[in-house]
Amino acid sequence: MESYELEAVGAVTTRPAVQYRTIEVAPVTPLIGAEVSGADLSAELPPDQLAEIKEAFLRHHVLVFRDQTISQDDHKRFAGHFGPLRPVNPPPPDGDPYILEISTDKAADNVAGNGWHADGTADAEPSLGSMLYITRVPEGGSGGDTLFANMHLAYEMLSPALRGMLEGMTAVHDGLIAFKGYTPPADYVIPKAEHPLVVRHPETDRRVLYVNGAYTARIPQLSPDESEALLAMLCEIPARRPMLSCRVRWAPNTLVFWDNRCVQHHAVYDYYPLTRYGRRVAIDGGPLKA
Ligand code: SIN
């Protein structure tokens, strides 16, 4: 690796150390993800425990809570501690407007999230985070893991020359791209928004490479050819650099909470013809600034 890449990896550990009193936090990798135990998400969380969970979220970006037996109301209550809930778009045909069913079986013609992306980046005010509660894993526990990539580090590991070039650039995110190959439902309100290519995390101010293959359409400051080539390179980073990512192996009754502002994820579809089922709640975020 180049020296600027190693420096970037070193910088990840400079956040002040923290002693948790109400939860245990075990990192999944040194760079992203942590398993959190000691919290019962079926109950109202005490304020000090909630504050520690928020701190762990900002440090690790992806939190994994095992063995949780929660109702849809518990799921929404926990999510609501981080911001207003975001209605599902397109709205579910029946059921709760805030709960997206993530359901795949051998008849599925569209597998949600099977490619690197962050949720809701085509919205003018992209989602803060998502909470996915998986209750059914492929029979025998084989496959259906989700990968999560640290997009702070993706930015920090770019060469200084390329980081300089990205300064001041924006990208258009288009909700139609996510439906490539499929016809979007008639009630899908197609989101489209322009964001800086490099944004600052609203809570930590740390920079993030903010492009993803599912939504980012073009860089208006470049010619079409240049935009296509640069976006292809930037969007491939999570796949080309395994060091950026952690892998979550689901078991029934696992809830994972990830930060859509600085994490991309990829739900790996490697379990055909088996079945996987869960429910996801998304949380509203605000506008993103350079
Ligand atoms: C998604 O939100 O993209 C789905 C993630 C998953 O199913 O693991």
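Residues numbered from 1 in each chain as written. Predicted model: local features only at pLDDT ≥ 70, side-chain atom pairs only at ≥ 80, totals over all residues. Heavy atoms only, no water.

Caption draft 1: Seen up close, the sheet that holds strand E9 (residues 192-196). Across the sheet, three strands lie side by side as E9-E8-E12; this open sheet has antiparallel pairing. Pairing within the sheet leaves two strands with one partner each, and these edge strands are E9 and strand E12 (216-218). The mean angle between the axes of side-by-side strands here comes to 40°, regardless of whether they run parallel or antiparallel. Relative to E12, strand E8 (residues 170-174) is paired through two bridges, and the arrangement is antiparallel. Counted as the bridge partner of Val-172 is Arg-218 from E12. (Pairing = 2+ DSSP bridges. Helix = DSSP H or I, 4+ residues; strand = E, 2+ residues; numbered from the N terminus. Axes fitted to C-alpha atoms, helices over the stretch in contact; angles between N-to-C directions.)

Caption draft 2: Main features of helix H1 (residues 3-11). Listed in full, the buried residues belonging to H1 are Glu-5, Ala-8 and Val-9. Each buried residue of H1 sits inside an arc of 95° when the element is viewed along its axis, so together they form one side. Exposed positions of H1 whose direction lies more than 90 degrees from the buried face are Ser-3 and Glu-7. The secondary structure elements touched by the buried residues of H1 are helix H4 (151-156). (Buried < 20%, exposed > 50% of the residue type's maximum accessible area, 1.4 Å probe, protein only. Arc of directions from axis to C-beta. Contact = heavy atoms within 4.5 Å.)

Caption draft 3: Highlighting helix H2 (residues 47-60). Taking 1.5 Å of rise per residue, 14 residues should cover 20 Å, and H2 covers 20 Å from first to last C-alpha, within 8% of that figure. Among the residues of H2, those classed as buried are Gln-49, Leu-50, Glu-52, Ile-53, Ala-56, Phe-57, Leu-58 and His-60. Against the buried residues of H2 lie strand E1 (24-27), strand E2 (34-37), strand E3 (62-65), helix H3 (72-80) and strand E14 (254-259). (Expected span 1.5 Å × (residues − 1).)

Caption draft 4: Layout of the environment of Glu-226. By the secondary structure assignment, Glu-226 is in helix H6 (residues 224-235). Relative accessible area serves as the criterion here: at 46%, Glu-226 is assigned to the partly exposed category. Within the structure, the side chain of Glu-226 is placed 3.0 Å from the backbone nitrogen of Ser-223, a separation counted as a polar contact. (Polar contact = N/O pair within 3.5 Å; in protein donor to acceptor, adjacent residues only side chain to side chain.)

Caption draft 5: Highlighting the pattern of salt bridges. What the rule picks out here adds up to 19 salt bridges. Measuring nitrogen to oxygen at the nearest pair gives 2.7 Å for the salt bridge that ties Asp-284 to Arg-86. In this pair, Asp-284 sits in the segment after strand E16 (276-283) while Arg-86 sits in strand E4 (residues 85-86), placing the two residues 198 residues apart along the sequence. Owing to a relative accessible area of 26%, Asp-284 belongs among the partly exposed residues under this scheme. We classify Arg-86 as buried; its relative accessible area is 12%. For Asp-145, the salt bridge identified is with Arg-247, shortest N-O distance 2.8 Å. Taken together, the residues Asp-145 in the loop between strand E6 (129-136) and strand E7 (146-150) and Arg-247 in strand E13 (residues 245-248) connect sequence positions 102 residues apart. Under the relative-accessibility criterion, Asp-145 is labelled buried at 3%. Ionic contacts of the salt-bridge type, sharing partners, join the residues Arg-86, Asp-123 and Asp-284 into one network. (Salt bridge = Lys/Arg side-chain N within 4 Å of Asp/Glu carboxyl O.)

Caption draft 6: Layout of the environment of Val-199. Position of Val-199 among the secondary structure elements: in strand E10 (residues 198-200). Residue classification places Val-199 among the buried residues on the basis of a relative accessible area of 0%. Linking Val-199 and Pro-92, residues 107 residues apart in sequence, is a C-alpha distance of 31 Å. Ignoring any residue separated from it by four or fewer positions in sequence, one finds Val-199 in contact with Arg-206, Arg-207, Val-208, Tyr-210, Leu-288, Lys-289 and Ala-290.

Caption draft 7: The site of the ligand, seen in detail. As a structural note, the neighbourhood of the ligand is formed by Ile-102, Gly-113, His-117, Asp-119, Leu-132, Thr-146, Trp-258, His-265, Ala-267, Arg-276 and Arg-280. In the environment of the ligand, an oxygen atom lies 3.0 Å from a nitrogen or oxygen atom belonging to the side chain of His-265. Here Arg-276 contributes a side-chain N or O atom positioned 2.8 Å from an oxygen atom of the ligand. Relative to its unbound accessible surface of 260 Å², the ligand loses 99% to contact with the protein. Listed by contribution, the elements that provide at least two residues to the shell around the ligand are strand E15 (263-267) and E16. (Near = heavy atom within 4 Å. Areas by Shrake-Rupley, 256 points an atom, 1.4 Å probe, with all protein chains shown as cover.)

Caption draft 8: A look at the packing of aromatic side chains. Applying the stated criterion to the full structure yields nine aromatic pairs. Centroid distance Phe-179 to Tyr-188: 4.7 Å. Interplanar angle 55°. Geometry classified as tilted. Neither residue differs from the other here; Phe-179 and Tyr-188 are each classed as buried. Joined through ring pairs, the aromatic side chains of Phe-57, Phe-65, Phe-78, Phe-82 and Phe-257 make up one cluster. Between Lys-54 and the ring centre of Phe-82, over which it is positioned, the NZ or CZ distance is 5.4 Å. (Phe/Tyr/Trp six-rings, centres within 6.5 Å; stacked < 30°, edge-to-face > 60°. Lys NZ or Arg CZ within 6 Å of the ring centre and 35° of its normal.)

Caption draft 9: Structural context of the side chain of Ser-130. When you line up the elements, Ser-130 lands in strand E6. There is a polar contact of 2.7 Å between the side chain of Ser-130 and the side chain of Asp-119.

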